[in-house]
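# Overview (structure and organization)
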Amino acid sequence: MSVVNLVPFCQTILKQMKQVDKREISLHYEESPILILADELKIKQVIIILLDNAIKYSHDKIDVFLDKNGDNVIVRIKDYGIGIPQEEIKNIFERFYRVDKARSRKTGGSGLGLYIAKSIMKLHKGEIKIKSKQGEGTEVELILSASLEF
Ligand SMILES: Nc1ncnc2c1ncn2[C@@H]1O[C@H](COP(=O)(O)OP(=O)(O)O)[C@@H](O)[C@H]1O
Ligand SMILES: [Mg+2]
């Protein structure tokens, strides 16, 4: 575990994503530094899993928000894509679960991403929450403990 400085950390991830996908992804934050104590590679994997989903299941821009709320740090990844039906939200963290099985041919994927993301968040004693509306988009929220020191 090490202290991760989220603004530059996310900027680097977004720069790397730009090299493989042209999608516009904006990073929003009101303060910096925002620090967490984390396994840097694992948290990077979570963010890439969520951005990969946002890219796959939408066509518009993607927004990433970094916020501090008391002792918590919140990372939100928001897309304006197809969304997830309300009754499916409880299932999507299951291993190999995909909402539209037929979609797998077009978009690829194994249904493992969110399962892995949730496991990693559990390791960090954090939380992952999804808000989604079919036809409007999806917002995934990561909640982590803030770290005070470099
Ligand atoms: N941002 C999103 N927008 C719409 N649907 C999503 C999004 N993220 C995940 N899903 C749904 O949840 C399922 C599980 O996601 P995931 O575990 O990452 O698997 P995969 O992307 O390999 O299908 C996806 O198949 C998709 O149906
Ligand atoms: Mg995925």
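None of these values were measured; they are calculated from a predicted model. (Residues numbered from 1 in each chain as written. Chains lettered and ligands numbered in written order. Predicted model: local features only at pLDDT ≥ 70, side-chain atom pairs only at ≥ 80, totals over all residues. Heavy atoms only, no water.)

## Concerning the pattern of salt bridges
Applying the stated rule across the entire model yields 7 salt bridges. Between Arg 76 and Glu 139 there is a salt bridge; the shortest N-O distance is 3.5 Å. With a gap of 63 residues between them, Arg 76 in strand β5 (residues 72-79) and Glu 139 in strand β7 (residues 137-145) connect regions that are remote in the sequence. According to the relative accessible area criterion, Arg 76 is buried, its value standing at 19%. By relative accessible area, Glu 139 is classed as buried at 10%. With its nearest N and O atoms 3.6 Å apart, the salt bridge here joins Glu 139 to Lys 78. With Glu 139 in strand β7 and Lys 78 in strand β5, this pair connects stretches of sequence that are 61 residues apart. Shared partners join several salt bridges into a network, and the residues in it are Asp 67, Arg 76, Lys 78, Lys 131 and Glu 139. (Salt bridge = Lys/Arg side-chain N within 4 Å of Asp/Glu carboxyl O. Helix = DSSP H or I, 4+ residues; strand = E, 2+ residues; numbered from the N terminus. Buried < 20%, exposed > 50% of the residue type's maximum accessible area, 1.4 Å probe, protein only.)

## Quick notes on the site of ligand 1
Taken together, 19 residues surround ligand 1, and among them Asp 79, Arg 98, Ser 110, Gly 111 and Leu 114 come closest. Between Asn 53 and ligand 1, the recorded distance is 2.9 Å, taken from a side-chain N or O atom to an oxygen atom. Alone, ligand 1 offers 530 Å² of accessible surface; in the complex the protein occludes 97% of this. Taken atom by atom, the bulk of ligand 1 overlaps the largest pocket. Only α2 (40-56) and α4 (113-123) provide two or more residues apiece to the shell around ligand 1. Here the residues of the shell around ligand 1 sort into 8 nonpolar, 7 polar and 4 charged. (Near = heavy atom within 4 Å. Polar contact = N/O pair within 3.5 Å; in protein donor to acceptor, adjacent residues only side chain to side chain. Areas by Shrake-Rupley, 256 points an atom, 1.4 Å probe, with all protein chains shown as cover. 1 Å grid on protein atoms, 1.4 Å probe; cavity = no way out; pocket = protein on both sides within 12 Å on 5 of 7 lines; lining within 4 Å. Sits in = over half its atoms within 2 Å of the grid points. Nonpolar A, V, L, I, M, F, W, Y, C, P; charged D, E, K, R; others polar.)

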